[in-house]
Amino acid sequence: MVQDLMEQNIKRHYYFDGDLILNFHGAPQKSFKVHRNVLELSSPIFKGIILFHPLTKNTRGLPVLTLHESPEQVEDLLSFIYPASYLFINWEKVSYLLSLATKYEIKGLKEACEEFLDRRAHEKPLEALILADEYNFPIAFKESSKLVLDDFLKYREEADFQKISLKAQNKFQKRYIDYLTAIGTLPKLSINLPAFTSNNVKTIFQQRVEKILKIAGIKPSELRALLLEPHLDYGKSYEGFKPEQITEHFGQFENLKAHFGKNPGTFYIFIEL
């Protein structure tokens, strides 16, 4: 009777025709009653445990599998596995869901987390970068690197930056040093203006270069925008620099692929896995 009440503690994913009990270390009062075939089809790791490891049985003769994860985490895992339920992935869950997906080799869950990071990397760039680096997600890595590099002096001082692999840290350092070096040689960038352009217009673009050289830690996105901003003189628009010049001098820039809440016209330097 006591065992039955304990098993009924969690109603969600407690199926009347289930043939396997999931219990938890540290939370013996909570359990799920699930279907062996659902777990076996979803995960080769679960399949191996169920088929080849001896399981204890409860008072009703049902096999019991005891897990080390929390009941809340496993509930999310089951919500992804079972077709009639839905799992909403968010920033609070994505890290442990990736851990579960990797541990139990659930490919679909890992892909769902990757897709979440691809779309939402701009919301928490450093957190997205850490996970993308750990799980080898190229799109999320590239997208988050744009925003991290754009404010690199801030992000590199955060404790979580050390969670990125040493290889990735070195890539960031090199890319940012290359960017600073390019700023130092900015006066070499030729200003492309028609021969008849007034000296006043030419001076405007020269002053922009001088201004950039004086701004400590200017963001790559701001630098590019300042260099490419046309100057209006007596109703005529002049462009002193060309985008391809900027790319040749500073390296490639891209906008954010998923730019919700960000200006799609803003371009960033980046690194890739």
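Residues numbered from 1 in each chain as written. Predicted model: local features only at pLDDT ≥ 70, side-chain atom pairs only at ≥ 80, totals over all residues. Heavy atoms only, no water.

> With reference to specific residues and values, describe the nonpolar core.
Of all hydrophobic cores here, the largest spans 73 residues; its most connected members are L22, V94, L117, F172, L227 and F250. Broken down by element, this core gets its largest block of residues, seven residues, from helix α7 (residues 125-135). Ignoring anything within four residues of it in the chain, the contact list for L117 reads W91, V94, L98, A128, L131, F137 and A140. (Core = buried A, V, L, I, M, F, W, Y, C linked by side-chain atoms within 4.5 Å. Buried < 20%, exposed > 50% of the residue type's maximum accessible area, 1.4 Å probe, protein only. Helix = DSSP H or I, 4+ residues; strand = E, 2+ residues; numbered from the N terminus. Contact = heavy atoms within 4.5 Å.)

> How would you summarise the environment of E114 if you had to cite specific residues and measurements?
Within the fold, E114 resides in helix α6 (residues 107-120). A residue is classified by how much of its surface remains accessible, and E114, at 22% relative accessible area, is partly exposed. Residues E114 and P138 lie 24 residues apart in sequence; the distance between their C-alpha atoms is 9.4 Å. Discounting chain neighbours no more than four positions away, the residues touching E114 are F137 and P138.

> Could you give an account of the packing of aromatic side chains, with specific residues and numbers?
Within the structure shown, the criterion is met by 13 aromatic pairs. With centroids separated by 6.1 Å and ring planes inclined at 25°, the aromatic side chains of Y135 and F137 adopt a geometry described as stacked. A relative accessible area of 13% means that Y135 is categorised as buried. Relative accessible area serves as the criterion here: at 2%, F137 is assigned to the buried category. For the ring pair F141 and F172, a centre distance of 6.4 Å and an interplane angle of 50° mean the geometry is tilted. Residue F141 is found in helix α8 (residues 138-150), and its partner F172 is found in helix α10 (residues 166-184); the two are separated by 31 residues along the sequence. Neither F141 nor F172 differs from the other in exposure class; each is buried. (Phe/Tyr/Trp six-rings, centres within 6.5 Å; stacked < 30°, edge-to-face > 60°.)

> For the sheet that holds strand β3 (residues 56-57), give the residues involved together with the corresponding values.
On the basis of which strands lie adjacent, the open sheet formed by four strands has the order β2-β1-β4-β3 and mixed pairing. Of all the strands in the sheet, the pair left with one neighbour each is β2 (31-34) and β3. Alignment of strand β1 (residues 20-24) against strand β4 (residues 63-67), held across four bridges, turns out to be parallel. Bridging across to β4, N23 finds its partner in T66. In the packing of helix α4 (residues 71-81) onto the sheet, the strands contacted are β1, β2 and β4, and the crossing angle to β2 comes to about 20°. (Pairing = 2+ DSSP bridges. Axes fitted to C-alpha atoms, helices over the stretch in contact; angles between N-to-C directions.)

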